[in-house]
Amino acid sequence: MPNLKDLKIRIESVKSTRKITKAMQMVAAAKLRKAQEAAEEARPYANRMTKVLNKLAGPSSHSSADSPLLIGNGKSEKYLVIVATSERGLCGAFNSSIVRLAKSHITDLLARGKGVEILTIGKKGREQLKREFGDSMIDHVDLSTIKKMTYEEAALISENILEKFAKKEFDVAIVFYNQFESVISQVPKAQQLIPVEGNTEDYTNDMAEELSYVYEPDEQEIIEDLLPKAITTKIFTALLENGASEQGARMSAMDNATRNAGEMIDKLTIQFNRSRQAAITNELIEIISGAEAL
Amino acid sequence: MAEDRFNFELVTPEKVLISGEIDSVCIPGVEGDMTIFANHSALATAIRPGYLEVKDSGKSEIYFLAGGFVEISQKEVILLAEKATLGSEVSVEIIAELIEKTERSLKHALDLQKCVLSKKLNDLTSIKDQL
């Protein structure tokens, strides 16, 4: 049995750990609110953008829609995998769940004989992917200096990606990130960036309305103008969702840690009390038996 | 005079800047400025860098837009702007930065985008000169 002093030191150390995790939890909670707000405020733009694109790129539109960004460059041999993770750890399974999803996709692509290049956003993802796919990693975006995610930051990333696409370095781009559902649930998601995926779900509703629009200058030109923006918006949304997810994951991880620390303190305190009692009893026995011997 | 007003939304990637009923709005469309009143026919146009003027009950607000897209229907006008700055806060530095950015993306743009971008560059330069 550890002696009293050791136990006391351990209890103190767990207590200070609890203080730290508690503080981290509170910080994460405050940041989460901000991140969530940012993600929510960005939603109207993203929704409108998708809607407009669907109208323009929908099957009935008059544009010939031959932009490579929209329909791809006809090949699907080389893939660019963009893995968005966080800069900091201590946020539960947040990073590993994205990396796991990305890894399974990459392995699948490699098995089908496709070329894979990896672009990582955030330090944690790079660290985890480096060991297995170090050779395929072509670029890394450092977010550590960025306090608040802005559209401009997303624009820089998307510009970099578009430049690579223009140089025909890849055919298809997929981004991996965590979709923020709630504080306790973040769902890793894969979304195709290039070619831009139009979803045809709510297409029928817009059809009647769409026919009456006059386009200025013309649909083709508008689409060329909008596509890069749509891609930037997608990256921006992914990064914002990721930001909110990171804080949410950290908050619940730290909440768990704080609770565990509390339990540990209770257990150690009981052990400490027992040992102390045992020591006292021992001493008493010694004194009594000493007295009896007299 | 409720029927003379219409719903206008100015949406940027970061937040919804304006959302509410207004009297009229002047939009810098790629094919020229246009002022929209209520009951305008359906129109969708790209936006060139320029000034947006929102008029409501005698007051007017001016925003600088770096580009975007506007969708006009009978009941509402929705403007998607990449970046909107209050007219009073526009400075030569902001425009210069935009010019630099546009030049950079022009370098690797695909053919069709090139013409859009070079138009944009022209507009930006003329705005900069005016300041």
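Not measured: the values here are computed from a predicted model. (Residues numbered from 1 in each chain as written. Chains lettered and ligands numbered in written order. Predicted model: local features only at pLDDT ≥ 70, side-chain atom pairs only at ≥ 80, totals over all residues.)

**Concerning the domain arrangement of chain A**
Residue and element names in this part refer to chain A.
Here is step 1: Under the domain assignment, chain A is made up of domain 1 (4-26 + 255-293) and domain 2 (30-252).
Here is step 2: Distance from the C-alpha centre of domain 1 to the C-alpha centre of domain 2: 51 Å.
Here is step 3: Between domain 1 and domain 2, the residue contacts involve 5 residues of the former and 5 residues of the latter.
Here is step 4: Listed by contribution, the elements that provide at least two residues to the side of domain 1 that touches domain 2 are helix 1 (4-57) and helix 7 (219-293).
Here is step 5: With 3 residues, helix 1 is the largest single contributor of residues to the side of domain 1 that touches domain 2.
Here is step 6: Here the residues of the side of domain 1 that touches domain 2 sort into 2 nonpolar, 2 polar and 1 charged. (Domains from an automatic or database assignment. Contact = placed C-beta atoms within 7 Å. Helix = DSSP H or I, 4+ residues; strand = E, 2+ residues; numbered from the N terminus. Nonpolar A, V, L, I, M, F, W, Y, C, P; charged D, E, K, R; others polar.)

**Focus: the interface of chain A and chain B**
Here is step 1: In this complex, chain A contributes 29 residues to the contact, which on the side of chain B involves 25 residues.
Here is step 2: Of all the secondary structure elements, the ones that give two or more residues to the side of chain A that touches chain B are helix 1, helix 5 (151-166), strand 6 (214-216) and helix 7 of chain A.
Here is step 3: Of all the elements, helix 7 of chain A adds the most residues to the side of chain A that touches chain B, at 8 residues.
Here is step 4: Residue classes in the side of chain A that touches chain B are distributed as 16 nonpolar, 4 polar and 9 charged.

**Re the sheet that holds strand 5 (residues 186-194) of chain A**
Residues and elements named next belong to chain A.
Here is step 1: With mixed pairing, 5 strands are arranged side by side in an open sheet as 3-2-1-4-5. For this open sheet the edge positions go to strand 3 (137-141) and strand 5, each flanked by a neighbour on one side alone. Taken pair by pair, the neighbouring strands of this sheet meet at an average axis angle of 20 degrees, ignoring direction.
Here is step 2: Of the strand pairs in this sheet, strand 4 (residues 172-180) and strand 5 are connected by 8 bridges, and their pairing is antiparallel. (Pairing = 2+ DSSP bridges. Axes fitted to C-alpha atoms, helices over the stretch in contact; angles between N-to-C directions.)

**Digging into the domain arrangement of chain B**
Residues and elements named next belong to chain B.
Here is step 1: Domains assigned within chain B are domain 1 (2-87) and domain 2 (91-130).
Here is step 2: Once you take the C-alpha centre of each, domain 1 and domain 2 turn out to be 22 Å apart.
Here is step 3: Counting residues at the interface gives 6 residues for domain 1 and 7 residues for domain 2.
Here is step 4: For the side of domain 1 that touches domain 2, the residue count by class is 2 nonpolar, 3 polar and 1 charged.

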